[in-house]
Amino acid sequence: MNKKTIKDVDVKGKKCLVRVDLNVPMKNGVITDENRINGALPTIKYLMDHGAKVILCSHLGRPYNIFNEKIKKIKPEDEGLSREELVAKTLKKCSLRPVAARLNELLGGKVTFAEDVIGPDAKAKVAAMKDGDVVLLENLRFHEEETKNDEGFCRALAEFCDIYVNDAFGTAHRAHASTAGIAQYGLCKAAVAGFLIEKELEIMGGALENPVRPFVAILGGAKVSDKIGVIKNLLEKVDTLIVGGAMAYTFFKAKGYEVGTSLCELDKVDLATELMAKAAEKGVNFLLPVDTVVAATFPDPIDGEVDVETVPSNAIPADKMGLDIGEKTQALYADAVKNAKTVIWNGPMGVFENPTLAKGTIAVAKALADTSATTIIGGGDSAAAVKQLGFADKMTHISTGGGASLEFLEGLELPGVACLDNK
């Protein structure tokens, strides 16, 4: 990794504005999953221990833009509420206050919460900081200038900042004010990575640039169109490429198979043909499901009961849809990763939210848990599946970024990384 980190700069007595990812799930104001908080702690603790004044900033959810008189979407339960009531409800639901309270418990009572982002309360609380103190600013996305990468907003944030630290890999693919703009405008004396971003770049970057072979990539999820760039980039690097999930049906169509009512991108069939031809040209072992679990309809609700049967992948009935990989494919894919040295997995093999249709995803997760390879889970649904299914502690690395991981695997430059100082 050629980017400077917090270890490369002297932070003592310096104001460090740290972009963290505290976008945690909450229900009725209670945090239901603390993974992102825990992921941010090593960087925060290091800065505190080394005498920095630590100013944390993050977004939470997708709040209405309440500062320019726009309420973008009104839910049925909110019908009849006045604008003031809607604003108050939104502020409460998307406030980082509960996160500040939890951080305060975890960091020895050193955390203060600012009621605004760049307003008088934030300015007063930052001004009162002592070395080793932490201030968490309110939700960045209460300002539309954040996502618009507004220069004025960047300058206002930079007033809190001697050193800018980005440790939010999950938003590193966004060119927002707090993820890139503040460094791009040259408003801070230094712009460096925190430990979380350092780990993502070293592990995923290392796998892509200098993998221990055999190198296997497993791609699932719904659409080929979401992963075109990833497939093209990985075909230049891997020994085996495994495809599962609904994206497989577009490849089936390219092979001339009946796909029934399965999700299939007809406008990407020619592309699927090209990708398979490229794999053959490169000598990449390109694996598609050999059997498929089908049902008459998509389960509704998604975790509800569903009647299924398993058929050969080239014999999907015209009135059925594929929803998971079958047992023969599970064995084929497990065998493909058995002797691998590096495995990257992004995207589930089927509708993993349904117990009946999670078996393919479980089988792949178990195969990765049983291998001695470096196993990297590329964020998003595959990360959620691994955690939900209880295999998280068996993986080498689970990325904290969904879209960011995909763009990184595609070989794209992430704005939130590109803006950091080189070593």
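Look above for the structure.
Residues numbered from 1 in each chain as written. Predicted model: local features only at pLDDT ≥ 70, side-chain atom pairs only at ≥ 80, totals over all residues. Heavy atoms only, no water.

(A) Spatial organisation of the pattern of salt bridges. This model, assessed by the stated rule, comprises 17 salt bridges. Here arginine 19 makes a salt bridge to glutamate 146, at a shortest N to O gap of 4.0 Å. Of this pair, arginine 19 sits in strand β1 (residues 15-19) while glutamate 146 sits in helix α5 (residues 144-147), and the two are 127 residues apart along the sequence. Exposure remark for arginine 19: the relative accessible area of 0% places this residue in the buried category. Note on glutamate 146: relative accessible area 0%, which makes it buried. In this structure, glutamate 105 and arginine 102 form a salt bridge, with 2.8 Å as the shortest nitrogen-oxygen distance. Here the residue glutamate 105 and the residue arginine 102 both occupy positions in helix α3 (residues 97-106), the gap between them amounting to three residues, near one helical turn. For glutamate 105, a relative accessible area of 59% corresponds to the exposed category. Here arginine 102 falls in the partly exposed class, since its relative accessible area comes to 24%. Within this structure, Glu34, Arg102 and Glu105 form a network of salt bridges that share partners. (Salt bridge = Lys/Arg side-chain N within 4 Å of Asp/Glu carboxyl O. Helix = DSSP H or I, 4+ residues; strand = E, 2+ residues; numbered from the N terminus. Buried < 20%, exposed > 50% of the residue type's maximum accessible area, 1.4 Å probe, protein only.)

(B) Region of interest: the pairing of strand β10 (residues 240-243). Side-chain alternation along β10 places Thr240 and Ile242 on one buried face and Leu241 and Val243 on a second face that is also buried. Summarising the sheet, strand β9 (residues 215-219) and β10 pair through four bridges and their orientation is parallel. Note on β10: the bridge partner recorded for leucine 219 is valine 243. One crossover worth recording links β9 to the parallel β10 by way of helix α9 (residues 228-235), and it is right-handed. As defined by bridge partners, β10 adjoins strand β11 (residues 285-287) across three bridges and the pair is classed as parallel. (Pairing = 2+ DSSP bridges. Right-handed = clockwise from strand over helix to strand, strands pointing away.)

By themselves these figures say nothing about function.
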